[in-house]
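# Architecture and fold: a report
Residue-level listing of the chains:
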Amino acid sequence: MDNNFDSIIGQEHIKEHLRISLTSQKISQAYLITGESMQGKEFIARIFANALVCDDPVGGYDPCGKCKSCIQAMTRNHPDIITVTHDKPLTVSVDDVREQIVSDARIKPYQSRWKIYIMNEAEKMTPQAQNALLKTLEEPPEYVVIILLTTSKTAMLPTVLSRCVQLDMRPVEDRVIRNYLMTEVGIPDYRADICTAFARGNVGKARSLAVSEDFENIKEEAVRVLKFIKKMDTSDMIRSLKSLEEYKLSINDFLDICMIWYRDVLLYKATMDDSAIVFKDETESIIREAEDSTYEGIENTLRILDKTKERLKANVNFELAMELMLLTIKES
């Protein structure tokens, strides 16, 4: 994939802001990019950082991809682009911030005009860490640019937010994601439809699903269960529960696939139009399910799927929650 602004899928508002900043040379000293996991926050941050250190930006904003600085940036070896790391998985500590940003920021750039700090999972900063960072945000050296990436703006102190240019990621249109998956990732249309529906506007997630063998296995298991659940006896149900144990860590993916399936069923029942079905390779099964189900039954199924997600999040016994779900779907 190219390392320029055109290679960013969607997020036109962020691209425009950063391009204008680069061409006008009005660079802010702190940015906060907010978006879901896998949505491409770090990809955007690194293109921006690359553009800042590039010796000869194309059009005044795009990394040229050829100079020494670009090559270093693309291989993550540029001395003036610093990735802030943390040893503890759940927190970015005050020591992490002091050692990697506050103290280091006093040292001038090695070869560029700017010294850029990129911190992923900024929401994991403790209040003490954020307060330590605040001192640098309030009086940053003129060459420092800090880019904070977060999934949760509410986890950030208001004083930190007020010192940052805030850029919020937006869901990308389904048609754009679908086209990207088919042309760039090279998957067939029916699989692109499922990955697009499942990703809900998140390009990174859609791509990850498209190339994931695990996701394909989970999808096939979900479809197998849903197609035959009405005919299952107790022994079949036990076998299904055991097979679902394999996907315990990805059970939310399994449940989301089930929800997309039943939304297909509900949509067809309401419209009698099969053109909008996501599971196109299972159209006949979707139509049969719609004909055999009541609106109330489909809505009950969607409710139990949602409820199962909540129960599992609350650490209810996995086998019990899944058994109750399967029985409810069978009876609906």
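Provided above is the structure to which this section pertains.
### Structural notes on the packing of aromatic side chains
- Applying the stated criterion to the full structure yields four aromatic pairs.
- Ring geometry for Phe5 and Tyr61: centres 6.2 Å apart, planes at 65°, overall edge-to-face. Of this pair, Phe5 sits in the segment before helix 1 (12-24) while Tyr61 sits in the loop between helix 2 (41-53) and helix 3 (68-74), and the two are 56 residues apart along the sequence.
- Given the relative accessible area of 24%, Tyr61 is considered partly exposed.

### Looking at the state of the cysteines
- In this structure the tally under the stated criterion is zero disulfides.
- Free cysteine: Cys258, not disulfide-bonded; nearest cysteine sulfur from Cys195 at 16 Å.
- The exposure class assigned to Cys258 is buried, which follows from its relative accessible area of 1%.

### Details of the environment of Lys205
- Counting through the fold element by element, Lys205 comes out in helix 9 (residues 203-210).
- With relative accessibility at 25%, the residue Lys205 sits in the partly exposed group.
- Sequence separation between Lys205 and Glu138 is 67 residues; the distance between their C-alpha atoms is 35 Å.
- Setting aside residues no more than four positions away along its own chain, Lys205 makes contact with Met38, Phe198 and Ala199.

### Digging into helix 5 (residues 127-138)
- Over its twelve residues, helix 5 extends 16 Å from the first C-alpha to the last, a length consistent with the 16 Å expected when each residue adds 1.5 Å.
- On its buried face, helix 5 sits against strand 1 (30-34), helix 4 (94-102), strand 4 (144-150) and helix 6 (158-161).

### Regarding the pattern of salt bridges
- Applying the stated rule across the entire model yields 16 salt bridges.
- Between Glu121 and Lys124 there is a salt bridge, with the nearest N and O atoms lying 3.0 Å from each other.
- Glu121 sits in the partly exposed class, given a relative accessible area of 29%.
- In this structure, Lys309 and Asp256 form a salt bridge, with 2.4 Å as the shortest nitrogen-oxygen distance. One end of the pair, Lys309, is in helix 14 (residues 295-313); the other, Asp256, is in helix 12 (residues 251-271), with 53 residues separating them in the sequence. This pair shows no difference in class: Lys309 is buried, exactly as Asp256 is.
- Counted as one network, the salt bridges with shared partners bring together Glu42, Arg46 and Arg76.

### Looking at helix 10 (residues 213-228)
- Taking 1.5 Å per residue, 16 residues should reach 22 Å; helix 10 reaches 23 Å between its end C-alpha atoms and fits that length.
- For helix 10, the set of buried residues is Phe215, Glu216, Ile218, Lys219, Glu221, Ala222, Val223, Val225 and Leu226.
- Tucked into the core, helix 10 has its buried residues touching helix 8 (189-199), helix 9, helix 11 (234-245), helix 12, helix 13 (283-292) and helix 15 (318-331).

### Considerations on the nonpolar core
- Core analysis: the largest hydrophobic core is formed by 54 residues, its most contacted members being Leu181, Phe254, Tyr262, Phe279, Met322 and Met325.
- Aside from chain neighbours lying at most four places away, what touches Met322 is Leu241, Leu244, Ile251, Phe254, Leu255, Thr308 and Leu312.
- Judged by nonpolar contacts, the second largest core, of 27 residues, contains Ile101, Met119, Ala122 and Met125.

### What to know about the environment of Leu312
- Within the secondary structure, Leu312 sits in helix 14.
- The residues contacting Leu312, other than those within four sequence positions of it, are Ile251, Leu255, Phe318, Ala321 and Met322.

### What to know about the sheet that holds strand 3 (residues 115-119)
- The strand order across the open sheet formed by five strands is 2-3-4-1-5, and the pairing between neighbours is parallel. One side of each edge strand has no neighbouring strand; the edge strands of this open sheet are strand 2 (81-84) and strand 5 (165-168). Here the strands of the sheet are splayed against their neighbours by 20° on average, with no regard to which way each runs.
- Bridge count between strand 1 and strand 4: five bridges; the pairing is parallel. Counted as the bridge partner of Ala30 is Ile146 from strand 4.

### Some thoughts on the side chain of Asn50
- Of note, Asn50 is situated in helix 2.
- Residue classification places Asn50 among the buried positions, given a relative accessible area of 0%.
- Setting aside its immediate chain neighbours within four residues, Asn50 contacts Asn3, Pro63, Cys70, Ala73, Met74 and Ile81.

### Topic: the packing of helix 10 against helix 11
- Where helix 10 meets helix 11, the axes come as close as 11 Å, and the angle between the chain directions of the two elements is 165°. In this view, helix 10 runs roughly antiparallel relative to helix 11, as classed from their interaxial angle. Between helix 10 and helix 11 lies a crossing whose hand is left-handed. Of the residues in helix 11, those in contact with Glu221, Arg224 and Val225 of helix 10 are Ser240, Ser243 and Leu244.
- A class-by-class count of the residues in the contact of helix 10 with helix 11 yields two nonpolar, two polar and two charged.

What counts, and where the lines are drawn
- Sequence order as written defines residue numbering, which begins from 1 separately in each chain.
- Totals for whole chains, interfaces and linings use every residue, but because this is a predicted model, local features are given only for residues with pLDDT of at least 70 and side-chain atom pairs only at 80 or more, for both listing and counting.
- The basis for the side-chain values is all heavy atoms of the structure; hydrogens and waters are excluded.
- A pair of Phe, Tyr and Trp rings is counted when the ring centres sit within 6.5 Å of each other, with Trp represented by its six-membered ring. The angle between the planes then sorts it: under 30 degrees is stacked, over 60 is edge-to-face, the rest tilted.
- The helix and strand labels rest on DSSP assignments: H or I over at least four residues marks a helix, E over at least two residues marks a strand, and numbering proceeds from the N terminus.
- Buried means the residue's accessible area, taken with a 1.4 Å probe over protein chains only, is under 20% of the maximum for its type, while exposed means over 50%, and partly exposed covers the values in between.
- Note on terminology: pairs of cysteine sulfur atoms within 2.5 Å are recorded as disulfides.
- Contact criterion: two residues are considered in contact whenever any of their non-hydrogen atoms come within 4.5 Å of each other.
- Given a helix with a known number of residues, its expected span is that number minus one, times 1.5 Å.
- Between Lys or Arg on one side and Asp or Glu on the other, a salt bridge is scored when a side-chain nitrogen of the former is within 4 Å of a carboxyl oxygen of the latter.
- Here the nonpolar core consists of buried residues drawn from Ala, Val, Leu, Ile, Met, Phe, Trp, Tyr and Cys, with membership extended through side-chain atoms lying within 4.5 Å.
- For two strands to pair, DSSP has to find at least two bridges joining them.
- Axis definition: a line fitted to C-alpha atoms, limited for helices to the stretch in contact. Angles are taken between N-to-C directions and run from 0 to 180 degrees.
- By the definition adopted for this analysis, an angle is roughly parallel if under 35 degrees, roughly antiparallel if over 145, roughly perpendicular if from 65 to 115, and oblique otherwise.
- When the near helix sits turned anticlockwise from the far one by under a right angle, the crossing is termed left-handed; a clockwise turn instead gives a right-handed crossing.
- Residues are grouped as follows: nonpolar covers Ala, Val, Leu, Ile, Met, Phe, Trp, Tyr, Cys and Pro; charged covers Asp, Glu, Lys and Arg; every other residue, Gly included, is treated as polar.

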